[in-house]
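Here are the chains, one letter per residue:
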Amino acid sequence: MPERRRGAALEKAILDAAWEELAAHGYAKFTMDAVVQRAGTSPPVLYRRWSGRDELARAAIAHVLEQARIDVPDTGSLREDVLTLMREINRTRARFVTVMNAHLAGYYQETGTGPGDLLAARHRKGADVLFERAVARGEIDPERLSERIKSLPFDLLRHEILVTFAPAPDHVLEEIVDTIFLPLLS
């Protein structure tokens, strides 16, 4: 008889199963029943934690992103910090972004959200550290930092990945940072 899972172990098993269902079948065929079967649990266990498939899908994506957390670089300059972070996102997340964009089209339509809503909060938290350091070093004026400007290089990277279905070439990352992003801060 298998050991009964509880707490964090149970939640991890459910979120892993939900991610596997999303990756295998997309949101269109994503059901609570399929996750119950894959996780080897019961419907009440699932519904106590998530009221529907949209909440569970969002939690599964957040879970996967948390497991693949990217360290916030500290190179000593905003330019290099942003480029280093974008290069790591580009290297490790391009396939994830394109596959999940296709698999989650129904989710976006059903919930009125978009890829940026799922991914931006994670990047915003890490990017805030970069900007706080740059302000402390005197590189930028905090008055020039709106949420839109802070998210701009990462939004443009995501756009590039979604348009080309591939990681962005390094010269594109440098162009985003040097030609579009940094001039907004000076």
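Our subject is the structure listed above.
Description of the structure in this document. Each chain has its residues counted from 1, running along the sequence as written. A pLDDT threshold of at least 70 governs which residues receive local features in this predicted model, and a stricter bar of 80 or more applies before side-chain atom pairs are shown or counted, although totals over entire chains, interfaces and linings include all residues. Hydrogens are left out, water is left out, and the side-chain values use all remaining heavy atoms of the structure.

Let's talk about the packing of aromatic side chains
Rules: Aromatic rings from Phe, Tyr and Trp, taking only the six-membered ring of Trp, are treated as a pair when their centres fall within 6.5 Å; an angle between ring planes under 30 degrees marks them as stacked, one over 60 as edge-to-face, and anything in between as tilted. Numbering of helices and strands runs from the N terminus; a helix is a DSSP stretch of H or I covering at least four residues, while a strand is a stretch of E covering at least two. Per-residue accessibility, obtained with a 1.4 Å probe over protein chains only, is compared with the maximum for each type, and a residue is labelled buried under 20%, exposed over 50%, and partly exposed between these values. As a reminder, the over-ring test applies to NZ of lysine and CZ of arginine, requiring each to be within 6 Å of the ring centre and within 35 degrees of the ring normal.
In this structure the tally under the stated criterion is five aromatic pairs. Summarising the aromatic geometry, the rings of Y27 and Y107 are spaced 5.2 Å apart at their centres and angled 80 degrees between planes, so their arrangement reads as edge-to-face. One end of the pair, Y27, is in the loop between helix 1 (7–25) and helix 2 (32–39); the other, Y107, is in helix 6 (residues 105–111), with 80 residues separating them in the sequence. Of the two residues, Y27 and Y107, neither departs from the other in class, the shared state being buried. The ring of Y27 has R53 sitting right over it, with the charged end atom 3.9 Å from the ring centre.

Section: the pattern of salt bridges
Where we set the bar: What makes a salt bridge here is a side-chain nitrogen of Lys or Arg within 4 Å of a carboxyl oxygen of Asp or Glu, nothing more.
One pass over the structure, following the stated rule, counts 17 salt bridges. R137 serves as the salt-bridge partner of D74, at 3.9 Å between the closest nitrogen and oxygen. Of this pair, D74 sits in the loop between helix 4 (53–67) and helix 5 (78–103) while R137 sits in the loop between helix 7 (115–136) and helix 8 (147–164), and the two are 63 residues apart along the sequence. Residue D74 is classed as exposed on the basis of its relative accessible area of 52%. By relative accessible area, which is 33% here, R137 ends up partly exposed. Note that D81 and R137 form a salt bridge whose closest N and O atoms lie 3.6 Å from each other. Linking D81 in helix 5 with R137 in the loop between helix 7 and helix 8, this pair joins segments that are 56 residues apart in sequence. When salt bridges that share partners are traced, they join D74, D81, R133, R137 and E139 into one network.

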